[in-house]
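Each chain, written out:
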Amino acid sequence: MAALNLLEPDVTPRVSDHIPQIIELVQSLVDKELAYAVDGDVYYRVKAFGGYGKLSKRNIDEMFESAGSRIDVDERKETPLDFALWKAAKPGEPSWDSPWGAGRPGWHIECSAMSSTHLGDCFDIHGGGRDLIFPHHENEIAQSQGAHGEDTFSKYWVHNGFIDFAGEKMYKSLGNFFTTREIINLYDPESVRYFLLTVHYRSGLNFEVAVSCPACGADLDKARQESGTCACGVTTGREALRQRVRFPGLEEADDRLAYVYKTLQAARIFLAGAKRPAAEEPVLEHVATLLADFEAHMSNDFNTSGALGVLSKPLAEANTLLASGKGVSKAVRYLTLEKFVADMAVVAEILGCFGQDADTWLRGRRDQKAARLGLDRDRVEQLVADRVAARSAKDWEGADRIRAELTELGVNVQDGPDGSQWSFL
RNA sequence: GGCGGCAUAGCCAAGUGGCUAAGGCAACGGUCUGCAAAAUCGUCAUCCCCAGUUCGACUCUGGGUGCCGCCUCCA
């Protein structure tokens, strides 16, 4: 979690530490006749709670009719929709004493009990996967509002979509999923975070999976990923195939992140080497509205995708300014870049992205890749130095020869006003 | 079978009852560069199908198709 820049929860409550609160909550529902006890079980009387179904937009009357058509109904319940708040103990199960005998909590009640214990009867946001909307969250509402009143419990619901790998399902030959650990071993955790941010939280997210044949290096299409057999005739086992997995979506995210960091880095270098103008002047249009545009999207149900989108124009504007001061005054150039850097810091704080030191991030990215590819860095540095020497002697042929050599190694050299930098192709 | 959600360019993905339907990737064409890369500029969609409502719908309603989720002691 820390690697993904997620904050630690303040409280991680355990059900077994809240049995008294749970019993108290169940009792209050019984007292209000919203629940009834049968043979040591306690069930919620769904029909007695008027708002049932409002979260999942289900019609309760239709549900009463169709419920039970697929499963056997416990005859002791008043209606099939009634759900357990407390279950009588079965032999061998952990249990606690209660007014209804030894038993354990039902499967929704702890959320109601623990949320009111730690957050109070009313709180702002309740999250969860969209698969939990019915019945889990619906039942939580029935329990909490039944006990505490109609205007209590969560003000907003945040239901997130799911992550898929390679579309509908995973391939048998690859296994069914990849862990976060496996993925951040391959890609920078911040790139993963950025990738997650490129879609709205309510939408699902698909990790496209690319796999190449260990024998010939050809990319395997879906059918071949499934079978593990390449066109070249070689069949690869699951573990070996998993070693060959790439996530194109994450690579794209990683490149985008690098673009942002490079821009930020260049802007900081520029500002460090220039003088701040004495008088204030209006900054260029896209940078001027960056923060307001960004926040408008974020304020609209955490639209991170839209928010990321509005960063493009100011980013390009900054890069244009960085490349040349043509057409703008020195003051506007400086002040625009200054505001760009400052506002991006605010954006970084909100997103948990773009907040690292650009030099460190960029260098770390390159070093990690060099290590993974087993690149001989000393040799690369030497070749780059040789090429710089050749260039300053205007030995273009020699310089080109060295560039070709570096290309062989998968390395690209960029010539800039401040010298030559190398990176990966 | 029932209920809920989604369906936007080659790919990813925002968005709106009427103004140019964001942005990214890819592609193509410029600028820049000794070469190149990076950067930058430009080009690239009428929004799953059918029928309605409306002066006008991609955006609303109904039907269809496809995909996802739930209805299974998993919270």
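Residues numbered from 1 in each chain as written. Chains lettered and ligands numbered in written order. Predicted model: local features only at pLDDT ≥ 70, side-chain atom pairs only at ≥ 80, totals over all residues. Heavy atoms only, no water.

Asker: Help me out: how do you make sense of the overall build of chain A in this one?
Answerer: Scanning chain A for helices and strands turns up 16 helices and 12 strands. The C-alpha radius of gyration of chain A comes to 30 Å, more than 25% above the 22 Å expected for a compact globule of 425 residues. Projected onto its principal axes, the C-alpha positions of chain A cover 95 × 70 × 35 Å. Per-residue burial over chain A gives 42% buried out of 425 residues. (Helix = DSSP H or I, 4+ residues; strand = E, 2+ residues; numbered from the N terminus. Rg over C-alpha atoms; globule rule 2.2 N^0.38 Å. Buried < 20%, exposed > 50% of the residue type's maximum accessible area, 1.4 Å probe, protein only.)

Asker: How should the protein's contact with RNA strand B be read in this particular structure?
Answerer: The full set close to RNA strand B counts 41 residues, and Trp107, Glu110, Tyr259, Asp400 and Asp415 are the nearest of them. Each atom of RNA strand B within 4 Å of the protein belongs either to a base or to sugar and phosphate, the latter forming 60%. A distance of 3.4 Å separates a base oxygen of RNA strand B from a polar side-chain atom of arginine 391. Measuring from a base nitrogen of RNA strand B, one finds a side-chain N or O atom of aspartate 400 at 2.4 Å. Those elements that provide at least two residues to the surface near RNA strand B are helix H9 (248-273), helix H11 (304-309), helix H12 (312-323), helix H15 (377-392), helix H16 (396-408) and strand E11 (411-416). (Near = heavy atom within 4 Å. Polar contact = N/O pair within 3.5 Å; in protein donor to acceptor, adjacent residues only side chain to side chain.)

Asker: Sorry, what's going on with the sheet that holds strand E4 (residues 103-105) here?
Answerer: Strand pairing in a sheet relies on backbone hydrogen bonds. The paired strands run either parallel or antiparallel. Spatial ordering of the open sheet is given by E1-E2-E3-E4, a layout of four strands whose pairing is antiparallel. Both outer strands of the open sheet, strand E1 (35-38) and E4, are each paired with one neighbouring strand and no more. When the angles between neighbouring strand axes are averaged without regard to direction, this sheet yields 20 degrees. In terms of strand pairing, strand E2 (residues 41-44) meets strand E3 (residues 84-88) through two bridges, oriented antiparallel. (Pairing = 2+ DSSP bridges. Axes fitted to C-alpha atoms, helices over the stretch in contact; angles between N-to-C directions.)

Asker: What is the right way to look at a nonpolar patch on the surface in this model?
Answerer: A grouping of Ile125, Tyr156 and Phe302 is seen on the molecular surface, where their side chains present a nonpolar patch of about 330 Å² in accessible area. Within the secondary structure, isoleucine 125 is located in strand E5 (residues 122-129). (Patch = residues over 30% accessible without salt bridge, like charges linked within 9 Å, V, L, I, M, F, W, Y side chains within 5 Å. Areas by Shrake-Rupley, 256 points an atom, 1.4 Å probe, with all protein chains shown as cover. Salt bridge = Lys/Arg side-chain N within 4 Å of Asp/Glu carboxyl O.)

Asker: Looking at this structure, how should I read the environment of alanine 370?
Answerer: When you line up the elements, alanine 370 lands in helix H14 (residues 358-373). Expressed as a C-alpha distance, the spacing of alanine 370 and serine 423, which sit 53 residues apart in the sequence, is 9.4 Å. Those residues within four positions of alanine 370 in sequence are excluded, and the remaining contacts are Leu375, Arg377 and Phe424. (Contact = heavy atoms within 4.5 Å.)

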